[in-house]
Amino acid sequence: MGLYQVFFLFLLMGKNGLCQVGGSCSKTVVNSCSDCIRSGPDCAWCMQENFTQPGEQETVRCNTRALLTERGCEPQKIIAPRNKVRVVKKLPLSESFEKQEPIQLSPQVIRLKVRPGSPATFRVSFKRVQGYPVDLYYLMDLSNSMKDDLDNVKDLGNDLLSALKTITAHAQIGFGAFVDKTVLPYTNTNKKKLLRPCDDDSEKCQAAFGYRHVLNLTPREQEFKQSVTNQFISGNLDSPEGGLDAMMQAAVCGGAIGWRNSSTRLIVLTTDAGFHMAGDGKLAGILEPNDQQCHMKDNLYYKSNEMDYPSVGQLAFQLEKNNIQTIFAVTENVQAIYKQLSAIVPKSEVGVLSNDSNNVVELIKTAYRKLSSKITLTHDRLPDNVQITYTPECQSAGPPGPDEGVCDNVKEKQEVSFNVTVVVDSCIKDTSFTIRILGIKDTLTVNLSTNCECDCNDPQDSQHQSCGGKGSLTCGVCSCQEGFIGRICECAIGKEDKDTLRKACLNADGVECGGRGECVCGRCQCHGNYHGDHCECDDEHCEKFQNQLCGGNGKCKCGVCSCNEGYEGSACQCKVSQTECKPPNGTVCHGRGVCRCSRCECDAGYQRPHCKTCLGCPDPCQTKLNCIECLGFNIGPFKGNCSKACSTVVPDTVSQLNKKGKQCELKDSESCWIKFSLEQLDGVDTYKAEIQSERVCPEPPSVTAIIGAAIGSVALIGILLLMLIKFFIYMKDVKEFRKFEKEKKKSKWTDGANPLFKNATTTTTNPIFTGE
């Protein structure tokens with residue numbers, strides 16, 4: 001037995017009472033045998049008549065079997081239902097496959113009837129049948145980058161079937177192909193490109209498609225080779241492909257693919273690219289979620305362009321539901337992506353393809369060995385409040401766990417077992433769930449019910465003697481006739497309402513007799529040493545001192561110590577003395593606290609040991625300022641009522657303050673500085689005050705100087721403004737003069753005559769005139 005198994009067994013034993021003899025029963029509200037059984041797996045009920053004493057509640061009937069026996073309950077009168085595990089159907093495990101349906105998981109049907117909280121364990125066995133049929137569906141990426149791989153796969157028909165027949169004589173192989181949705185942005189939607197998406201015009205190329213089923217599962221390698229030979233490369237735009245679309249259809253279209261009922265189902269997905277998943281369809285405006293249904297027509301997935309890609313969770317669910325195991329044969333560049341996918345998809349393996357897929361046969365053989373040798377026992381959806389734990393028993397066992405049990409390196413015809421422990425947290429209706437081996441068709445159906453009722457075989461006498469002839473007996477408890485109540489129906493209530501009588505027994509918290517007694521005829525009958533109207537008092541549970549109740553110096557009364565004269569304290573542990581509470585030359589705790597147990601309990605804010613100082617109190621300099629004004633200088637708000645308002649302050653006017661007490665210097669109501677000191681006397685708010693006789697008051701301002709200064713300031717400001725205005729006018733004139741001088745220099749004056757001008761008179765010269 002491994003370390004995990006030993007640890008888990010120890011936990012189970014501890015839960016059932018190994019660490020605590022007889023287990024434990026945590027009772028809450030118990031009014032009947034059924035309530036008791038539901039309280040916990042170790043609770044039992046005593047149905048013995050007259051088991052309870054007068055004043056006791058019927059709750060005492062509910063306890064562990066050991067404590068009930070110790071109290072005097074006869075063993076045959078103890079009701080404690082046990083878990084029942086009944087194997088309904090258990091066909092023997094098959095040795096080999098002989099055409100009939102083999103049995104690999106046993107038992108097939110189990111019925112459990114369990115108590116809430118009590119674990120029920122049963123054993124499940126599995127043996128892998130030798131020669132069990134294998135259906136292998138080869139799903140290939142036919143995008144242009146897989147051209148070399150397709151050429152090699154065309155020659156692999158014989159090798160693939162030969163490899164499968166080394167495993168079983170009943171092998172079948174099929175073929176399917178995928179590329180991607182034929183819409184933008186995944187595929188070029190140009191009409192010519194849809195018909196021929198390959199770039200090289202010389203090579204053969206088939207039209208773009210999403211997923212095509214090519215060949216049904218067949219045992220004939222020639223059919224496989226012929227179907228693959230007729231396939232050609234296609235193409236698309238982006239790198240990720242529609243592999244999840246193809247896997248979903250291959251999983252849910254069982255009739256089209258040809259999966260057999262009794263076979264190991266394998267899908268081998270070969271690709272060199274990643275995959276699109278749920279949500280990617282939005283890029284093409286495809287918003288309808290994948291419905292996980294088969295949509296095949298003429299071997300084509302006809303809703304490829306109408307429905308989004310499936311999510312990884314949807315695909316994992318359908319693969320598990322249809323018992324399909326997956327081998328991802330991928331190139332090294334996308335190995336990490338498919339390893340993450342494999343971690344989510346149950347019973348799947350990842351193998352690395354060579355660049356031209358020539359190692360695919362060996363890859364499939366290796367992956368199949370890993371898948372078939374790992375046995376994983378798990379369950380479908382569990383009912384609410386049901387917990388399950390798997391403990392494998394085999395050489396390479398995984399740890400116990402709540403989700404699955406794993407045995408690795410299991411060979412053909414080797415039998416392995418699992419202990420399955422089921423715990424139900426609370427009472428539930430009849431239900432069922434299924435346990436199965438991942439990738440295998442065989443299942444175990446667990447029919448589950450809870451045992452929450454008591455079968456006490458009560459007598460049918462409605463006037464039983466144990467109930468005073470006024471009631472019937474139900475699991476040892478009297479069910480009284482109308483008009484009677486009590487442990488043995490001894491109380492006749494007449495026309496009184498039973499609930500009205502019970503209300504008289506409720507305490508302030510609404511608990512009947514404080515939970516320490518029983519309400520009989522409207523009055524509490526208290527248990528043990530409890531007393532009072534509602535059993536609220538107890539004279540044995542007061543505080544102790546030196547292991548003595550109330551220190552031996554008092555009496556316990558209703559849970560509180562009443563001390564003898566000369567003693568005090570919650571446990572009467574102190575002698576009455578105030579010596580330690582008196583400071584030198586002072587009163588007890590300075591009048592600001594109470595002396596208890598030779599220790600001052602100070603008023604709020606005051607500090608021990610003698611309540612002298614107060615850290616959180618307001619500053620007395622501020623609070624007593626009005627009284628200082630009144631007492632020292634007869635000013636301030638208390639001026640007319642000084643003696644009454646300031647009766648707690650004892651004043652002393654001095655010329656010079658001493659250094660004793662708190663020194664204060666503040667402005668009074670007339671803005672004068674006054675100095676005083678305060679020394680707190682015994683009591684809460686009593687002070688001795690020393691007040692310096694002289695105040696420091698500021699001299700009043702000179703009105704003449706203020707008026708003169710104001711007039712002078714106004715005159716000065718006026719002169720400055722006039723000078724400033726004169727300065728601006730001068731600067732403007734200077735600017736204009738300079739502008740005039742500049743324009744004058746630019747002017748040019750000439751003496752030339754205007755050719756258009758004609759004088760008013762004409763002068764004629766005589767040519768022969770000599771002037772003589």
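Residues numbered from 1 in each chain as written. Predicted model: local features only at pLDDT ≥ 70, side-chain atom pairs only at ≥ 80, totals over all residues. Heavy atoms only, no water.

- Per an unreviewed UniProt entry, the chain goes by Integrin beta and derives from Takifugu rubripes.
- Regarding the chain, the relevant UniProt record gives this comment under Sequence similarities (unreviewed entry): "Belongs to the integrin beta chain family." (UniProt positions renumbered as here; feature names shortened; annotations may be inferred.)

1. Observations concerning the state of the cysteines
Then step 1. Summed over all chains, the structure comprises 26 disulfides.
Then step 2. Each sulfur in the disulfide pair Cys 46 and Cys 73 lies 2.1 Å from the other. A torsion of 95° about the S-S bond marks the disulfide between Cys 46 and Cys 73 as right-handed. In this pair, Cys 46 sits in strand β1 (residues 44–46) while Cys 73 sits in the loop between α3 (65–71) and β3 (78–79), placing the two residues 27 residues apart along the sequence. Considered together, Cys 46 and Cys 73 belong to a single accessibility category, that of buried residues.
Then step 3. Note that Cys 427 is cross-linked by a disulfide to Cys 452, the S-S spacing being 1.9 Å. Handedness of the Cys 427-Cys 452 disulfide follows from its S-S torsion of about -110°: it is left-handed. Here Cys 427 is found in the loop between β19 (415–424) and β20 (431–437), whereas its partner Cys 452 is found in the loop between β21 (443–450) and β22 (471–474), with 25 residues between them in sequence.
Then step 4. For Cys 427, a relative accessible area of 29% corresponds to the partly exposed category.
Then step 5. The exposure class of Cys 452 is buried, given its relative accessible area of 5%. (Disulfide = S-S within 2.5 Å. Helix = DSSP H or I, 4+ residues; strand = E, 2+ residues; numbered from the N terminus. Buried < 20%, exposed > 50% of the residue type's maximum accessible area, 1.4 Å probe, protein only.)

2. Remarks on the sheet that holds strand β2 (residues 62–63)
Then step 1. Reading across from one edge, β2-β1-β3 is the order of the 3 strands in this open sheet, with antiparallel pairing throughout. Each having just a single partner strand, β2 and β3 make up the two edges of the open sheet.
Then step 2. When β1 meets β2, the two strands line up antiparallel, connected through 2 bridges. Directly across from Trp 45, in β2, lies its bridge partner Cys 62. (Pairing = 2+ DSSP bridges.)

3. Describing the side chain of Thr 450
Then step 1. Locating Thr 450 in the fold gives a position in strand β21.
Then step 2. By relative accessible area, which is 13% here, Thr 450 ends up buried.
Then step 3. A polar atom in the side chain of Thr 450 sits 3.1 Å from the backbone oxygen of Ile 428.
Then step 4. Beyond its immediate chain neighbours, meaning those up to four positions away, Thr 450 contacts Lys 113, Val 114, Val 424, Ser 426, Cys 427 and Ile 428. (Polar contact = N/O pair within 3.5 Å; in protein donor to acceptor, adjacent residues only side chain to side chain. Contact = heavy atoms within 4.5 Å.)

4. Some words on the sheet that holds strand β6 (residues 109–114)
Then step 1. Ordered by their spatial adjacency, 6 strands build an open sheet running β4-β6-β21-β20-β16-β18, and the pairing between neighbours is mixed. With partners counted over all chains shown, the strands left at the sheet margins are β4 (84–89) and β18 (404–407), one partner each. Each strand axis lies, on average, 20° off the axis of its neighbour in the sheet, ignoring direction. (Axes fitted to C-alpha atoms, helices over the stretch in contact; angles between N-to-C directions.)

5. A look at the environment of Val 345
Then step 1. Its place among the elements puts Val 345 in the loop between α11 (335–344) and β15 (348–352).
Then step 2. Separated by 244 residues in sequence, Val 345 and Glu 101 have C-alpha atoms that sit 27 Å apart.

6. Digging into the packing of aromatic side chains
Then step 1. Here the structure, examined in full by the defined rule, presents 7 aromatic pairs.
Then step 2. Seen in terms of ring centroids, Phe 328 and Tyr 338 are 5.5 Å apart; in terms of plane orientation they differ by 40°. Their pairing is tilted. Taken together, the residues Phe 328 in strand β14 (residues 324–330) and Tyr 338 in helix α11 connect sequence positions 10 residues apart. Assigned by exposure class, Phe 328 and Tyr 338 land together as buried.
Then step 3. Connected via pairs of aromatic rings, a cluster forms that spans Tyr 138, Phe 175 and Phe 224.
Then step 4. The side chain of Lys 181 reaches across the aromatic face of Tyr 309, ending 4.5 Å from its centre.
Then step 5. The ring centre of Phe 209 lies 4.5 Å from the NZ or CZ of Arg 212, which sits over that ring. (Phe/Tyr/Trp six-rings, centres within 6.5 Å; stacked < 30°, edge-to-face > 60°. Lys NZ or Arg CZ within 6 Å of the ring centre and 35° of its normal.)

7. Some thoughts on the domain arrangement of the chain
Then step 1. Domains assigned within the chain are domain 1 (84–130 + 376–450), domain 2 (134–373), domain 3 (544–575) and domain 4 (620–692).
Then step 2. Relative placement of domain 2 and domain 3: their C-alpha centres are 88 Å apart. (Domains from an automatic or database assignment.)

8. Some points on the nonpolar core
Then step 1. Formed by 37 residues in total, the largest nonpolar core has its most connected members in Leu 136, Tyr 138, Met 140, Leu 142, Phe 175, Phe 224 and Ile 364.
Then step 2. With 7 residues, helix α12 (residues 360–373) is the largest single contributor of residues to this core.
Then step 3. Residues contacting Ile 364, with those up to four places away along its chain left out, are Leu 136, Tyr 138, Leu 160, Val 268 and Ile 327.
Then step 4. In terms of nonpolar packing, the next biggest core, distinct from the first, is built from 31 residues, Tyr 211, Ala 251, Leu 269 and Val 345 among them. (Core = buried A, V, L, I, M, F, W, Y, C linked by side-chain atoms within 4.5 Å.)

9. Concerning the pairing of β21
Then step 1. With 6 of 8 residues buried, β21 lies mostly within the body of the structure.
Then step 2. As paired strands, β6 and β21 are joined by 6 bridges and run parallel to one another. Looking at β21, one finds that Lys 113 is bridged to Ser 449.
Then step 3. Alignment of β20 against β21, held across 6 bridges, turns out to be antiparallel. Its bridge partner being in β21, Ser 432 is matched across the sheet by Asn 447.
Then step 4. Hairpin connection of β20 to β21: 5 residues between the antiparallel strands, including Gly 439 at a positive phi of 85°.

10. Concerning the side chain of Ser 263
Then step 1. Checked against the element boundaries, Ser 263 lands in the loop between α9 (254–257) and β11 (264–271).
Then step 2. Among the residues examined, Ser 263 registers a relative accessible area of 5% and is labelled buried.
Then step 3. A polar atom in the side chain of Ser 263 sits 3.2 Å from the backbone oxygen of Arg 260.
Then step 4. Other than its neighbours up to four places away in sequence, Ser 263 contacts Tyr 132, Pro 133 and Asp 135.

11. Comments concerning the pairing of strand β32 (residues 554–557)
Then step 1. Where β32 and strand β33 (residues 560–563) come together, 4 bridges link them in antiparallel fashion. Bridge assignment links Gly 554 to a residue of β33, and that residue is Cys 563.
Then step 2. Between β32 and β33, which pair antiparallel one after the other, the connecting turn spans 2 residues, and Cys 558 there sits at a positive phi close to 55°.

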